[in-house]
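So the chains spell out like this:
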Amino acid sequence: MTDFLIIILSCLALYSATLGWIKFLCYRRNLERRTVAHHYGLFPVSIFLISYSVCLLTLFSFTTLEDQGEICLLFGISAGVLSIFTLRPSINPRKWLERIVKALLFCCSGVAIIVTLSIGIILFFQTCRFFQQIPFSNFFLGTEWSPTSAIIGARPSFGSLPLFSGTLLITSIGLALAIPFGIISSIYITMIAPKRARKIITSIFEVAAGVPTVVYGFLAMTTVSPWIKKLIEGHGYTVSSENALGAGLVLGVMILPYMSSLCQDLFKSVPQALKDASYALGATTTETIFKVVLPASFPGVMSAALLSLSRAIGETMLVVMALSLTPQLTANPFEAVTTVTVQMVSLLTGDQSFDSPGPLAAFALGFVLFLITLILNLGAFQMVRRVRRQFGND
Amino acid sequence: MIKPFPNINRRLLKDRLFKAFSAGLVLLILSLFLGLFAGICWKGLSSFFKAEIVLDLSFSKRYLKSTDPGQEQALNYNFILRKALQKELDVLPQTLEENRELMGLVSPTTDIALHSLFQKNPEILGTRRQISLRVSDNVDQTLKMKILDFEPANSLLTETQQEWLETLKDQDQIHQRFNTSFFTSSDSRDPMVAGIWAALIGSLYTLMVTLLISLPLGVGTALYLEEFASKNRWTNWIEINIANLAAVPSIIFGLLGLSIFLTVWGLPRSSPLVGGMTLALIMMPTVVVSTRSALKAIPKGIREGAFALGASKVQTTFHHVLPLALPGIITGAILGLARTLGESAPLLLVGMVAFVSQPPLTPMDAATVLPVQIFTWARNPERGFIENTAGAIFVLILILIGISMIAKILRQRFERKW
């Protein structure tokens, strides 16, 4: 905390010192000041901050972070001296300041790319380390998943098929609920509902979309799954209390507002001229919806479905709470399954060291998940772009 | 002659049927949402009330643990408690088992509560006081089930305990009190005294870090894309990246935080600093999108007017465009913050699941956040924790609704139509 104070105070000192310095220079040489006074102060301060932070970053990227107060102080003083002596009455600080601001904004925009790249690189290298220990085919084709083998001495096995089948089962149950309901509800909201009802419904949907996923997980865990178990066991079947159906249904309810809001934006962006033309030809509302609006926005609906799918695949808290850790290669929705994200959480919140295959397997799963969602997202963006071009509001 | 509309009646019927069908479906969805959340709120409300038992305790000097004046004075609280219960119920337990049954009526953390009471007012030494104490979790749950007329499959209390409970109730010594400690105390092993204070403070610190990082970055990116950059391959690439980051599963960001912030940079594990930095990456795309739409709403005339008066690009942006866009930016940031408040998956990976019984003092201390607290409580098998979970969810949802109301009011008040 004191370090920050020192830096701020020295910036202020620098600011006032340079203002005085430039005034003195201008007075001595009989010069008019070229720009607003505080630019002369801000210019050396920004030079100081930039050179100081570049020095510190290079220092700490080569050495470990230990007590190196003297070197830091040296850097600070030299940066201050540099920043004062770069300033002459002849230069135009405003021009330079604007260049610095532009460069800073450019760096901000680069952060998004850096984050994506660093995610990709880190996951890739950790996955490579994982595959040095576990063969490729075992991971993608194996059907047995036991990262911490129960019997001491037995080798852990990393066959990820049951995990991906579990994820597939849950997401398909969820999407089977979310996609049709989402499309129909958004049609109702944008095309059919009276204005007042539209306001109420959209505000309820907004609240439901903002509810955290832990809450849905709690619902699935304490209400829906036990209820399904009770209902089905009444008919004489055996049902796991952590069944896939309960988690999948709640997942569908969770994604529904998201899907619905995507579709609402889409149906709103269908040009009014298209709808008017359809009405003018004597079509009813339903016919307009099915023969004009839906076909026109079909690629958009597909992209909304892809985005919902990528969201459902990556959903974590809900499945961590509602599902168990038992991997099973099954398509029976009444049995307990596990998903990719559940296993990632359980592997990385344990006490194993990062070099053992367990946590590395979590990175490998994460890499596959990242690639899948990346492909889905890119596909969705491509489709959205096509719709925009078609409607002419790109 | 051609009839103008051959099967108009059938078409109109179809139209009406579809409208009714979709309306029914939306109604079903709405009732589903309302029903689910009403259920949680109903469950959560009961956690705000906990039973207390009034006992006549004697703080006699005989029960002092040591008479040495140099040492910190402490009483044998469990002994005092047992004496009081024995007197009240008129029993004399013989075996260890019976003793445990008797002490099972009050909360296991009672001795800690009594000790802090004794330290605050040492003058109670040598007096008798009527003091109301927390009952144990099992007793509380049994009492609540009686109120709700709900018979559990297997009883939480033994038969003798139930008889004692009836006696105490007849003597009017058990009351339901509003549970203020749920808001002022922190996590505990005992559901009767566990609260959400530490989690709230942890959430506050985490969100502060998130806001401090993601707001400048997001606004900077949006300003660059909207005001400075020309449309070329680089900006296109940035846009795709931002849209992709908004849709990448949040747990992937947890992996990033784990391997860069914790392993490479060596920042403290389970601290709000690391959690906030991870969440900032998740929140940044939201800020960028809302800031861009706020900037797009500012008419061109403002910029051209500034240019005409001789302002440079940077001056135009920072003196005219940005202040006008500020209400929109702030509204977007608040809504993004509400979404970030509920995020928990990436925080699990950076170690914010630790048991935290003290609110963090700085952003570098170990902390937990409200949704993660909900997660850890929900995994507890004890009934009292399930009830606490519902209570914490109730609080969380109230906070979220409050935040989005504030954003809505801000938008209504400061929105300008050009």
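Residues numbered from 1 in each chain as written. Chains lettered and ligands numbered in written order. Predicted model: local features only at pLDDT ≥ 70, side-chain atom pairs only at ≥ 80, totals over all residues. Heavy atoms only, no water.

1. Comments concerning the side chain of B:Asp190
Residues and elements named next belong to chain B. Relative to the elements of secondary structure, Asp 190 occurs in the loop between helix 7 (181-184) and helix 8 (197-228). With no salt bridge to any partner, buried Asp 190 finds its closest opposite charge in Arg 134, at an N-O distance of 7.3 Å. When residues no more than four places from it in sequence are discounted, the contact partners of Asp 190 are Ser 107, Pro 108, Thr 109 and Phe 385. (Helix = DSSP H or I, 4+ residues; strand = E, 2+ residues; numbered from the N terminus. Buried < 20%, exposed > 50% of the residue type's maximum accessible area, 1.4 Å probe, protein only. Lys, Arg positive; Asp, Glu negative; His and termini not counted. Salt bridge = Lys/Arg side-chain N within 4 Å of Asp/Glu carboxyl O. Contact = heavy atoms within 4.5 Å.)

2. Focus: the packing of aromatic side chains
For any pair of aromatic rings, geometry is given as the distance between the ring centres together with the angle between the planes. Within the structure shown, the criterion is met by 25 aromatic pairs over all chains. Here the aromatic rings of A:Phe205 and B:Phe33 are separated by 5.9 Å at their centres, their planes lie at 90 degrees, and the arrangement is edge-to-face. A residue pair is termed interchain when its members come from two chains, as with A:Phe205 in helix 7 (residues 195-210) and B:Phe33 in helix 1 (residues 8-45). B:Phe33 carries the same exposure label as A:Phe205, and that label is buried. When the ring of B:Phe261 is compared with that of B:Trp265, the centres are 5.4 Å apart and the planes differ by 40 degrees; the resulting orientation is tilted. With relative accessibility at 8%, the residue B:Phe261 sits in the buried group. Using a relative accessible area of 52% as the deciding quantity, one classes B:Trp265 as exposed. Among the aromatic side chains, those forming a connected cluster through ring pairs are B:Phe48, B:Phe49, B:Phe178, B:Phe182, B:Phe183, B:Trp377, B:Phe385 and B:Phe394. (Phe/Tyr/Trp six-rings, centres within 6.5 Å; stacked < 30°, edge-to-face > 60°.)

3. What to know about the state of the cysteines
Think of a disulfide as a covalent bridge from one cysteine sulfur atom to another cysteine sulfur atom. Using the criterion set out here, one finds zero disulfides over all chains in the structure. A:Cys107 takes part in no disulfide bond, and the closest cysteine sulfur to it belongs to A:Cys108, at a distance of 7.2 Å. (Disulfide = S-S within 2.5 Å.)

4. Considerations on the nonpolar core
Among the nonpolar cores identified, the biggest contains 178 residues, and A:Phe130, A:Phe139, A:Tyr216 and A:Leu318 are the most heavily contacted of them. For this core, the leading source of residues is helix 15 (residues 357-391) of chain A, giving 14 residues. The contacts of A:Phe130, once residues within four sequence positions are left out, are A:Phe139, A:Phe158, A:Pro357, A:Leu360, A:Ala361 and A:Ala364. Core analysis: the next-biggest nonpolar cluster, separate from the first, contains 33 residues, B:Leu89, B:Leu102, B:Leu157 and B:Met192 among them. (Core = buried A, V, L, I, M, F, W, Y, C linked by side-chain atoms within 4.5 Å.)

5. Here we look at the domain arrangement of chain B
All names here are of chain B. We note that the domain assignment places domain 1 (45-59 + 135-179) and domain 2 (197-414) within chain B. Just the C-alpha atoms count here: the centres of domain 1 and domain 2 sit 44 Å apart. Domain 1 puts twelve residues into the contact, and the matching count from domain 2 is eight residues. For the pair domain 1 and domain 2, the two sides together bury roughly 750 Å², of which 52% comes from carbon and sulfur. Taken together, domain 1 and domain 2 are joined by one salt bridge. Taken together, domain 1 and domain 2 are joined by three residue pairs in polar contact (both at pLDDT 80 or more). It is helix 5 (residues 137-147) that contributes the most residues to the side of domain 1 that touches domain 2, five residues altogether. Partitioning the side of domain 1 that touches domain 2 into residue classes produces five nonpolar, three polar and four charged. (Domains from an automatic or database assignment. Buried area = accessible area lost by both parts, 1.4 Å probe. Polar contact = N/O pair within 3.5 Å; in protein donor to acceptor, adjacent residues only side chain to side chain. Nonpolar A, V, L, I, M, F, W, Y, C, P; charged D, E, K, R; others polar.)

6. Overview of the packing of helix 13 (residues 313-341) of chain B against helix 16 (residues 383-414) of chain B
Geometrically, a packed helix pair is captured by the angle between its two axes and the distance between the axes. Residues and elements named next belong to chain B. For the pair helix 13 and helix 16, the least separation of the axes is 9 Å and the interaxial angle reads 170 degrees. In terms of axis orientation, helix 13 runs roughly antiparallel to helix 16. Within the contact between the two elements, helix 13 uses Pro 327, Ile 330, Thr 331, Ile 334, Leu 335, Ala 338 and Leu 341 and helix 16 uses Leu 396, Ile 399, Leu 400, Ile 403, Ser 404, Ala 407, Leu 410, Arg 411 and Phe 414. The residue inventory of the contact of helix 13 with helix 16, partitioned by class, reads 13 nonpolar, two polar and one charged. (Axes fitted to C-alpha atoms, helices over the stretch in contact; angles between N-to-C directions. Parallel < 35°, antiparallel > 145°, perpendicular 65-115°, else oblique.)

7. Some remarks on the interface of chain A and chain B
Contact with chain A, which involves 76 residues of that partner, is made by 76 residues of chain B. The contact between chain A and chain B buries some 6,700 Å² in all, and 80% of this surface belongs to carbon and sulfur atoms. Salt-bridge contacts for A:Glu287 lead to B:Arg11; the nearest nitrogen and oxygen are separated by 2.7 Å. Looking at the side of chain A that touches chain B residue by residue, the class counts come to 49 nonpolar, 21 polar and six charged.

8. Re the pairing of strand 1 (residues 49-58) of chain B
The side chains of a regular strand alternate between the sheet's two faces. Residue and element names in this part refer to chain B. Among the ten residues of strand 1, eight are classified as buried, and the element is accordingly described as predominantly covered. Here strand 1 pairs with strand 2 (residues 128-134) via seven bridges, running antiparallel. Among the inter-strand pairings, Leu 55 is bridged to a residue of strand 2, identified as Ile 131. (Pairing = 2+ DSSP bridges.)

9. Observations concerning a positive patch on the surface
Positive charge collects at one region of the surface, where A:Lys95, A:Arg99, A:Lys102 and B:Lys313 lie side by side. Tracing the chain through its elements places A:Lys95 in helix 4 (residues 93-133). (Patch = residues over 30% accessible without salt bridge, like charges linked within 9 Å, V, L, I, M, F, W, Y side chains within 5 Å. Areas by Shrake-Rupley, 256 points an atom, 1.4 Å probe, with all protein chains shown as cover. Charge placed at Lys NZ, Arg CZ, Asp CG, Glu CD.)

10. Focus on the environment of A:Ser157
All names here are of chain A. The residue Ser 157 is located in strand 2 (residues 157-158) in this model. Apart from the residues within four sequence positions on either side, Ser 157 is in contact with Glu 144, Trp 145, Ser 146 and Pro 147. Of the polar contacts made by the side chain of Ser 157, one reaches the backbone oxygen of Glu 144; its length is 3.3 Å.

11. A closer look at the pattern of salt bridges
Counted by the stated rule, this structure contains ten salt bridges over all chains. For A:Glu233, the salt bridge is made with A:Lys229, and the minimal N-O distance between the two is 3.4 Å. Of this pair, A:Glu233 and A:Lys229 both sit in helix 8 (residues 213-233), separated by four residues, roughly a single helical turn. Residue classification places A:Glu233 among the partly exposed residues on the basis of a relative accessible area of 35%. Salt bridges sharing partners connect three or more residues here, namely B:Glu52, B:Arg134 and B:Arg177.

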